[in-house]
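# Survey of secondary and tertiary structure
Letter by letter, the chains look like this.
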Amino acid sequence: MIRQLEEFLYPQSLAEAVQKKHEYGEAAAPIAGGTEIVPNLPPEIRCLIDLTRLGLDYIEDEAECLRIGATTTMHQLAVSPAVAKLASGVLSSSSCQGWPTEVRNTATLGGNLVGGGPFADSPPALLALDAEVVVARLGGEERVPIQDFFVDYRRTAVGQGILKEIQIPRPAAAARGVFLKFGRSPVDQALVNLAVTMEMDNGLCSKVRIALGAIGRTPQRILEAERALLEKPLESDVIDNVVSIVTELVDPVLDLRASADYRRELAGVLTRRALLQIAS
Ligand SMILES: Cc1cc2nc3c(=O)[nH]c(=O)nc-3n(C[C@H](O)[C@H](O)[C@H](O)COP(=O)(O)OP(=O)(O)OC[C@H]3O[C@@H](n4cnc5c(N)ncnc54)[C@H](O)[C@@H]3O)c2cc1C
């Protein structure tokens, strides 16, 4: 499979990587950790552009936001104290739950977002944290809200650009969050994954985000379920209502791992668990 490759490029700067991607077009693909693209190399790819020498493996803790370079590995995220501070460590949990250690040490956040598909673990956490991504293009940089990034099945707004960094606005210190994942085995990909974040204001929910993965062609927020929690206490009748909204609205697909009905049921179960965890 790798025999189809004619060139492996090592650009020394992001600008050079962007230029090379533009020059080679559809015949070239960026490679970061390689855990996704190496086993699934598309037939048209003749050239890989290595991104690991561009200095994009950073986590910068700034006053307004956390900036995470695209080639930061899942392991770096999982052990970062700055990432752990964001909404009870929702992104940290998504970077280590169920990941085989060898993969976690190599796989990057950028690769998980661009290539990970609907079951990838970091997208629900980043959706729940209102992240933005920065894409480097020939004409300059473009900022894309994470909600607009996942366009269709394994298709993102990165297009012919290179994902440079992910920016996460700093949530309130009291913001709570939970990431949950359910797979057939502890190291299998998620049958469903979910991230919930919220703040509590005098016992009432505010700034609610509920995002799920593996329940459709792209990871997505369930806006109606979020609205059903706003200004409500986290009590059992409210939670029952949110669970029924989630199970009604998700539109999972059947694959070799699970039926659509099983995934729908699981989406409700994980939502209930996450809300009970936050309530406690
Ligand atoms: C055994 C195994 C277990 C796994 N377990 C999990 C798991 O538990 N959870 C999970 O979510 N995933 C899991 N994965 C999937 C995979 O490891 C992740 O999606 C990983 O994060 C991809 O990152 P990477 O750096 O290896 O990407 P690569 O394989 O290098 O690239 C993936 C895709 O993204 C593109 N790309 C990468 N970086 C950029 C960039 N900066 N700009 C533009 N395009 C870019 C590439 O061109 C390619 O199309 C697993 C994979 C394996 C093989």
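The rules behind these values
Residues numbered from 1 in each chain as written. Predicted model: local features only at pLDDT ≥ 70, side-chain atom pairs only at ≥ 80, totals over all residues. Helix = DSSP H or I, 4+ residues; strand = E, 2+ residues; numbered from the N terminus. Rg over C-alpha atoms; globule rule 2.2 N^0.38 Å. Buried ≥ 20, exposed ≤ 12 C-beta atoms within 10 Å, placed from the backbone. Contact = placed C-beta atoms within 7 Å. Domains from an automatic or database assignment. Nonpolar A, V, L, I, M, F, W, Y, C, P; charged D, E, K, R; others polar. Arc of directions from axis to C-beta. Near = placed C-beta within 6 Å. Pairing = 2+ DSSP bridges. Axes fitted to C-alpha atoms, helices over the stretch in contact; angles between N-to-C directions. Core = buried A, V, L, I, M, F, W, Y, C linked by C-beta atoms within 7 Å.

When helices and strands are tallied, the protein chain shows ten helices and 14 strands. A compact globule built from 280 residues would reach a C-alpha radius of gyration of about 19 Å, and the protein chain, at 19 Å, matches this within 12%. Counting across all 280 residues of the protein chain, residues that qualify as buried make up 45%. Long-range pairs, those at least 24 residues apart, make up 62% of the contacts in the protein chain with a sequence separation of at least 6.

The next point concerns the domain arrangement of the protein chain. Splitting the protein chain by domain gives domain 1 (2–50), domain 2 (59–169) and domain 3 (176–279). Here the C-alpha centroids of domain 2 and domain 3 sit 20 Å apart. Each partner contributes residues to the interface: domain 2 has 22 residues there, and domain 3 has 25 residues. Those elements that place two or more of their residues in the side of domain 2 that touches domain 3 are α4 (90–94), α7 (122–128) and β8 (150–152). Among the elements that take part in the side of domain 2 that touches domain 3, α7 stands out by supplying five residues, more than any other. For the side of domain 2 that touches domain 3, the residue count by class is 14 nonpolar, six polar and two charged.

By the secondary structure assignment, L48 is in strand β3 (residues 47–50). Distance from L48 to L126, taken between C-alpha atoms, is 27 Å for residues 78 residues apart in sequence. Look past the residues within four positions of L48 in its chain and what remains in contact with it is L5, F8, A29 and I31.

Restricting attention to buried positions, one finds in helix α1 (residues 14–24) the residues A17, V18 and K21. Summarising the axial view, the buried residues of α1 lie within an arc of 100 degrees, below the 170-degree limit, and thus occupy one face. Against β2 (28–31), β3, β6 (132–137) and β10 (162–169) lie the buried residues of α1. Positive phi shows up at G25, right after α1, with a value of about 60 degrees.

In the region of the ligand, 29 residues are neighbours, and G33, E36, G111, N112 and G115 sit closest. Those elements that place two or more of their residues in the shell around the ligand are β2, α6 (109–115) and β10. Top element by residues in the shell around the ligand is α6. It accounts for five residues. The class makeup of the residues in the shell around the ligand is 16 nonpolar, eleven polar and two charged. Domain assignment of the residues forming the shell around the ligand places at least three in each of domain 1 (2–50) and domain 2 (59–169).

Below, the discussion takes up the sheet that holds strand β12 (residues 190–201). As a general point, the strands of a sheet are linked pairwise by backbone hydrogen bonds and lie either parallel or antiparallel. Spatially, four strands are ordered β11-β12-β13-β14 in an open sheet, and the strand pairing comes out antiparallel. What marks the edges here is a single partner per strand, and that holds for β11 (176–183) and β14 (220–221). Pairing geometry for strand β13 (residues 204–213) and β14, over two bridges, is antiparallel. Each residue of the ladder has a partner; that of A211, found in β14, is R221. Across the sheet, helix α10 (residues 260–279) is in contact with β11, β12 and β13; its angle to β12 comes to roughly 30 degrees.

Inspection of the sheet shows β6 paired to strand β7 (residues 140–145) by six bridges, in the antiparallel sense. Looking at β7, one finds that V133 is bridged to V144. Hairpin remark: β6 followed by β7, antiparallel, with two residues in the connecting loop. Here five bridges tie β6 to β10, and the two strands are oriented antiparallel to one another. From the neighbouring strand, A136 faces β10, where its bridge partner is I162.

With that out of the way, let us pick up the nonpolar core. Counting residues in each nonpolar core, the largest one holds 80 residues, and the members touching the most others are V90, L129, V192, L194, A195, V196 and V242. Ranked by the residues each element gives to this core, the list is headed by β12, at seven residues. Sequence-distant contacts of L194, defined by excluding residues within four places in its chain, comprise P124, L180, A211, L212, L270, T271 and A274.

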